[in-house]
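Descriptive structure summary
This is what each chain is made of:
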Amino acid sequence: QVQLVESGGGLVQAGGSLRLFCAASGRTFSSYGGWFRQAPGKVREFVAAIRWSTGSTYYADSVKARFTISRDNAKNTVYLQMNSLKPEDTAVYYCAAHSYGNYYYISSYGYWGQGTQVTVSS
């Protein structure tokens, strides 16, 4: 079992920055740590993933060059640095621990955090 706890969300003006944290307990991330988001009335979507063993990173086109995912192996923590935030980035952001399959798909993740709200005002 993996327990994931996110933090770091909040309200920020457009162009600002936030850093999200996801601490895992119970066991380590086995392959990928991922971030997803869900805006009101929309489906949950992939944001970014990091391969735990190599540090390789993957991003949705909508956040590429603005967001950076990273991890701290010793702390079993995944981070999401979000810069140049836009109002369309407003959503609940979820951290997830991968189980099997392609890192891009929600169904590939077996463990989820409770989510943290990010609101970007224009």
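Before reading further, recall that the structure is shown in the block above.
Predicted model only: the values in this text are computed from it and were never measured. (Residues numbered from 1 in each chain as written. Predicted model: local features only at pLDDT ≥ 70, side-chain atom pairs only at ≥ 80, totals over all residues. Heavy atoms only, no water.)

Things to note about the side chain of S108
With respect to the secondary-structure elements, S108 resides in the loop between β9 (91-98) and β10 (109-112). On the basis of relative accessible area, S108 is assigned to the buried category, the value being 4%. Looking at S108, its side chain comes within polar contact range of the main-chain oxygen of N102, at 2.6 Å. When neighbours within four sequence positions are excluded, S108 is seen to be in contact with H98, S99, Y100, G101 and N102. (Helix = DSSP H or I, 4+ residues; strand = E, 2+ residues; numbered from the N terminus. Buried < 20%, exposed > 50% of the residue type's maximum accessible area, 1.4 Å probe, protein only. Polar contact = N/O pair within 3.5 Å; in protein donor to acceptor, adjacent residues only side chain to side chain. Contact = heavy atoms within 4.5 Å.)

Quick word on the state of the cysteines
For the coordinates displayed, the defined rule picks out 1 disulfide. There is a disulfide in this structure between C22 and C95, and the S-S distance comes to 1.9 Å. Sign of the S-S torsion, about -75° for the bond between C22 and C95, identifies this disulfide as left-handed. On the criterion of sequence distance, the pair formed by C22 in strand β3 (residues 18-25) and C95 in strand β9 is long-range, its members being 73 residues apart. As far as burial versus exposure is concerned, C22 and C95 are alike and both buried. (Disulfide = S-S within 2.5 Å.)

Quick look at the packing of aromatic side chains
As enumerated under the stated definition, the model contains 12 aromatic pairs in all. Here the aromatic rings of Y32 and Y103 are separated by 5.5 Å at their centres, their planes lie at 40°, and the arrangement is tilted. With Y32 in strand β4 (residues 32-38) and Y103 in the loop between β9 and β10, this residue pair connects regions lying 71 residues apart in the sequence. On the accessibility criterion, Y32 (10% relative accessible area) is buried. An aromatic cluster of at least three residues, connected via ring pairs, comprises Y32, F36, F46, Y58, Y94, Y103, Y104, Y105, Y109 and W112. One residue, R19, lies across the ring of Y79, its end atom 4.3 Å from the ring centre. Over the ring of Y94 we find R44, and its NZ or CZ is 3.7 Å from the ring centre. (Phe/Tyr/Trp six-rings, centres within 6.5 Å; stacked < 30°, edge-to-face > 60°. Lys NZ or Arg CZ within 6 Å of the ring centre and 35° of its normal.)

Brief notes about the sheet that holds strand β7 (residues 67-72)
Spatially, the 4 strands line up as an open sheet ordered β1-β3-β8-β7, and their pairing is antiparallel. Two strands in the sheet have a free side with no partner beyond their single neighbour: β1 (3-7) and β7. Each adjacent strand pair in this sheet contributes to an overall mean axis angle of 15°, direction not counted. As paired elements, β3 and strand β8 (residues 77-82) share 6 bridges and run antiparallel to each other. Along β8, the bridge assignment pairs F21 with Y79. (Pairing = 2+ DSSP bridges. Axes fitted to C-alpha atoms, helices over the stretch in contact; angles between N-to-C directions.)

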